[in-house]
Amino acid sequence: MNNTKYIFVTGGVTSSLGKGIVSASLAKLLIARGLRVTIQKLDPYINIDPGTLNPYEHGECFVTNDGAETDLDLGHYERFLDIATSQANNITTGRVYQSVINKERQGVYLGKTVQVIPHITNEIKDSVKLLGENGDYDVVITEIGGTIGDIESLPFVEAVRQMKWELKQNCLTIHLTLVPYLAAAGELKTKPTQHSVKKLQELGVQPDILVCRTEHNLDQDIRDKIARFCNVSSDSVIQSIDAKSIYSVPLLMQEEGLDKVVIEKLSIETKEKPNLNKWKKFLKNQENPTSEIHIGLIGKYVELQDSYKSIVESLDIAGVSNMCKVKLKWIHSEKISAKNVAKKLSGLDGILVAPGFGERGIEGKIEAVRFARENNLPFLGICLGMQCAVIEYARNVLDLKKAHTVEIDKNTPHPVIDLMEDQKNLSDMGGTMRLGEYDCKLGKDSNAYKAYKKVTIKERHRHRYEFNNKYLDFFEKNGMIATGKNTSTNLVEIVEIPTHKWFTGVQFHPEYKTSVETPHPLFIGFVKACMG
Ligand code: GLN
């Protein structure tokens, strides 16, 4: 019999308590004990996926191998666990309703009135159980987005209540709350936690474990008090204290006994000693860098650092594997001009030009590329960043002064970046880009090959425009080489300038394939180049 265990993680009091990190940390600890674990995120918003969301709304959109545009928490899951997620790992209200409404139109409900309970809640439950169904996982952890008390998360909490009832000993709920410190009173306050748990109880869910986010240590008295008011045992009150690095959270959770309590409560049989050697080595290296570099991150969403979450983490992790502290300087592309670029980029060891969409800030990105190219400054361009490198080269080296991407100038006389053929007759914007993993073949004499050390790589994509192959000969004869290509479509995936110290633009998104235990080769190569 399939004996998959289900763990739900909810959050209360405020958002941004680190539910994703706690969920990923718990999964890490269970995996370290030899269990097969996956994590899923249920998002209560009505968008089908975050693909159409502005990064200001919801941070980065993370792309999976199977081309799902998902919540950035899936990036954390992959970086912590070193396992790939898929569409099944991120479900939104929009997706749930879309599926139910499609079934209603197909007559699946046989004349019944279609309602939130049971039809919507069943759909939610099915998408949770789907992951556990084939016996691939011992534990499925499901994180519910939003905060308890939100109107839009009610059907999700109701689904949790029902699953808890149905699965009994095979289901567990963890509630994450805040224990604030009131400086004026000089005290930690438990009342917000009590209220949040009450709210959850009103909805029929008794949490089994409370993870309390705090800036100060919770002493035994406070733990006992929370336990007493919230119907949990004292050892199920887990402190989650602010950490210097998110990657130390698994060890903090282990010290607090989170994995131990979970295993006891779910009666899971596992190896007693978790193996976290590789993880600990990473943390040790992270704390003891022997060098430091400064990298400029050029983008238009720099006010909201979550917009480039995977890039930031990839650079940090690649730095650690080079025993190097990567210090980022966030530079707003809209504020870069030909006049100030030298000043803006002064003192940097390399620049990364970020992905993006639309016109805002693009000329600043192109100026930054020019500066990096002319000054032999290591350069990594990702997606739009690579396209900017192509445009810059066309304008300033090939003398195609008005060269542009068709995304921004439909009438450019030199469309060096053009709309992909299969994008031409689309009307829907959601889920229609070139998404997910594709093969890329590397030229041997390239930065990319030196980094990956193999000829065929697989990377994830999210774009509508591509290098216009009509210009390829002209570029290559004049020093910018396509060193990576998709062999079935001939699409240019990587451009490089071999005479430059390290100049690489990639059409794909390497940042989606970084994990703590498998740092990404291209980021390692870039960081090394920046280290000189
Ligand atoms: N806007 C560009 C395109 O659609 C680049 C996309 C990106 O940077 N992810 O091709």
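This structure is a prediction, so every number in the text was calculated from the model and none was measured.

### Things to note about the packing of aromatic side chains
One pass over the full model with this rule turns up 12 aromatic pairs. When the centroid spacing of 6.1 Å and the interplanar angle of 70 degrees are considered together, the rings of Y247 and W279 count as edge-to-face. Of this pair, Y247 sits in the loop between β11 (237–241) and α9 (249–255) while W279 sits in helix α11 (residues 277–287), and the two are 32 residues apart along the sequence. Judged by relative accessible area, which is 1%, Y247 ranks as buried. When the centroid spacing of 6.1 Å and the interplanar angle of 25 degrees are considered together, the rings of Y393 and F475 count as stacked. Taken together, the positions of Y393 in helix α15 (residues 384–396) and F475 in helix α17 (residues 472–477) put the pair 82 residues apart, joining distant regions of the chain. Exposure class is identical for Y393 and F475. Each is buried. A network of ring pairs unites the aromatic residues Y56, Y301, Y308 and W330 as a single cluster. Seen from the ring of W165, K168 lies directly overhead, with NZ or CZ sitting 4.8 Å from the centre. Note that R434 overlies the ring of Y438, its terminal NZ or CZ placed 4.2 Å from the centroid.

### Overview of the layout of surface pockets
The space that makes up the largest pocket amounts to roughly 950 Å³. In terms of lining, the largest pocket is formed by 41 residues, of which the most central are S15, S16, L17, G18 and D73. When residues of the lining of the largest pocket are traced back to their parent elements, those giving at least two are α1 (19–32), β2 (37–43), α2 (55–58), α3 (73–81) and β11. A class-by-class count of the residues in the lining of the largest pocket yields 13 nonpolar, 15 polar and 13 charged. Together, 34 residues line the second largest pocket, and G51, G356, F357, M433 and R462 are the ones closest to its centre. Its residues assigned to classes, the lining of the second largest pocket comprises 16 nonpolar, 11 polar and seven charged.

### Overview of the environment of R464
Relative to the helices and strands, R464 is located in the loop between β19 (456–463) and β20 (465–467). Residues R464 and M386, 78 residues apart in the sequence, show an inter-C-alpha distance of 13 Å. Sequence-distant contacts of R464, that is, excluding residues within four places in its chain, are made with D418, L419, M420, Q423, L426, M429, T432 and M433. A distance of 2.9 Å separates the side chain of R464 from the side chain of Q423, its partner in a polar contact.

### Describing the site of the ligand
Around the ligand sit P355, G356, F357, C383, L384, Q387, E407, R462, H463, R464, Y465 and H509, and that is every residue in its neighbourhood. With respect to the ligand, the backbone of L384 contributes an N or O atom lying 3.0 Å from an oxygen atom. The separation between an oxygen atom of the ligand and a polar side-chain atom of Q387 is 3.1 Å. About the coverage of the ligand: the protein hides 99% of its 300 Å² of free accessible area. Breaking the shell around the ligand down by element, the ones donating at least two residues are α15 and β19. Of the residues belonging to the shell around the ligand, the class tally is five nonpolar, four polar and three charged.

### Examining the nonpolar core
In summary, soluble globular proteins display a tendency toward joint burial of nonpolar side chains. Ranked by size, the top nonpolar core spans 46 residues in total, and within it I7, I141, I174, I209, L258 and V262 carry the most contacts. Top contributing element to this core by residue count: α1, with eight residues. Sequence-distant contacts of L258, that is, excluding residues within four places in its chain, are made with V22, L26, I174, I209, V211, I238 and M253.

### A few points about the pattern of salt bridges
By the definition in use, this model includes 35 salt bridges. Between K28 and E517 there is a salt bridge whose closest N-O contact spans 3.2 Å. With K28 in helix α1 and E517 in the loop between β23 (503–506) and α18 (521–531), this pair connects stretches of sequence that are 489 residues apart. Residue E517 is classed as partly exposed on the basis of its relative accessible area, which comes to 23%. R370 is paired through a salt bridge with E374; the nearest N and O atoms lie 2.7 Å apart. Of this pair, R370 and E374 both sit in helix α14 (residues 362–374), four residues apart, which is roughly one turn of the helix.

### Structural notes on the sheet that holds strand β16 (residues 404–405)
Taken in spatial order, the three strands make up an open sheet running β16-β17-β20, and their pairing is mixed. Each of the sheet's edge strands pairs with one partner strand only, and the pair in question is β16 and β20. Strand contacts of α15: β16, β17 (415–419) and β20, with the helix running at about 145 degrees to β17, the strand carrying the most contacts.

### Overview of helix α8 (residues 220–230)
All of the buried residues along α8 are I222, R223, I226, A227 and C230. Taken end-on, α8 shows its buried residues confined to a sector of 135 degrees, consistent with a single buried face. Those residues of α8 that are exposed and aimed more than 90 degrees away from the buried face are D221 and R228. Where α8 is buried, its residues contact β9 (187–188), α7 (191–202), β10 (209–214) and β11. In the segment just after α8, N231 is the residue with positive phi, at about 60 degrees.

### Some remarks on the packing of α14 against α15
Put simply, α14 and α15 touch, their axes get as near as 9 Å, and they point 70 degrees apart. The orientation of α14 relative to α15 falls into the category roughly perpendicular. Between α14 and α15 lies a crossing whose hand is right-handed. Here α14 contributes I362, E363, K365, I366, V369, R370 and R373 to the contact with α15, which in turn contributes L384, C388, A389, I391, E392, Y393, R395 and N396. Residue classes in the contact of α14 with α15 are distributed as eight nonpolar, one polar and six charged.

### Remarks on the environment of H520
Tracing the backbone through its elements, the reader meets H520 in the loop between β23 and α18. In this structure H520 comes out as buried when scored by relative accessible area, which is 2%. Taking the C-alpha atoms as reference points, H520 and K244, 276 residues apart in sequence, are found 23 Å from one another. For H520, the residues in contact, after removing those within four places along its chain, are Y452, E459, P510, K513 and T514. Looking at H520, its side chain comes within polar contact range of the side chain of E459, at 2.7 Å.

### Re a positive patch on the surface
On the surface, K191, K198, K225 and R228 cluster together to form a positively charged patch. Contributing elements (two or more residues each) for the positive patch: α7 and α8. Along the chain, K191 turns up in helix α7.

Criteria and thresholds
- Residues numbered from 1 in each chain as written.
- Predicted model: local features only at pLDDT ≥ 70, side-chain atom pairs only at ≥ 80, totals over all residues.
- Heavy atoms only, no water.
- Phe/Tyr/Trp six-rings, centres within 6.5 Å; stacked < 30°, edge-to-face > 60°.
- Helix = DSSP H or I, 4+ residues; strand = E, 2+ residues; numbered from the N terminus.
- Buried < 20%, exposed > 50% of the residue type's maximum accessible area, 1.4 Å probe, protein only.
- Lys NZ or Arg CZ within 6 Å of the ring centre and 35° of its normal.
- 1 Å grid on protein atoms, 1.4 Å probe; cavity = no way out; pocket = protein on both sides within 12 Å on 5 of 7 lines; lining within 4 Å.
- Points joined across faces, edges and corners; volume = space filled by probe spheres on them.
- Nonpolar A, V, L, I, M, F, W, Y, C, P; charged D, E, K, R; others polar.
- Contact = heavy atoms within 4.5 Å.
- Polar contact = N/O pair within 3.5 Å; in protein donor to acceptor, adjacent residues only side chain to side chain.
- Near = heavy atom within 4 Å.
- Areas by Shrake-Rupley, 256 points an atom, 1.4 Å probe, with all protein chains shown as cover.
- Core = buried A, V, L, I, M, F, W, Y, C linked by side-chain atoms within 4.5 Å.
- Salt bridge = Lys/Arg side-chain N within 4 Å of Asp/Glu carboxyl O.
- Pairing = 2+ DSSP bridges.
- Axes fitted to C-alpha atoms, helices over the stretch in contact; angles between N-to-C directions.
- Arc of directions from axis to C-beta.
- Parallel < 35°, antiparallel > 145°, perpendicular 65-115°, else oblique.
- Left-handed = near helix turned anticlockwise from the far one by under 90°.
- Patch = residues over 30% accessible without salt bridge, like charges linked within 9 Å, V, L, I, M, F, W, Y side chains within 5 Å.
- Lys, Arg positive; Asp, Glu negative; His and termini not counted.
- Charge placed at Lys NZ, Arg CZ, Asp CG, Glu CD.

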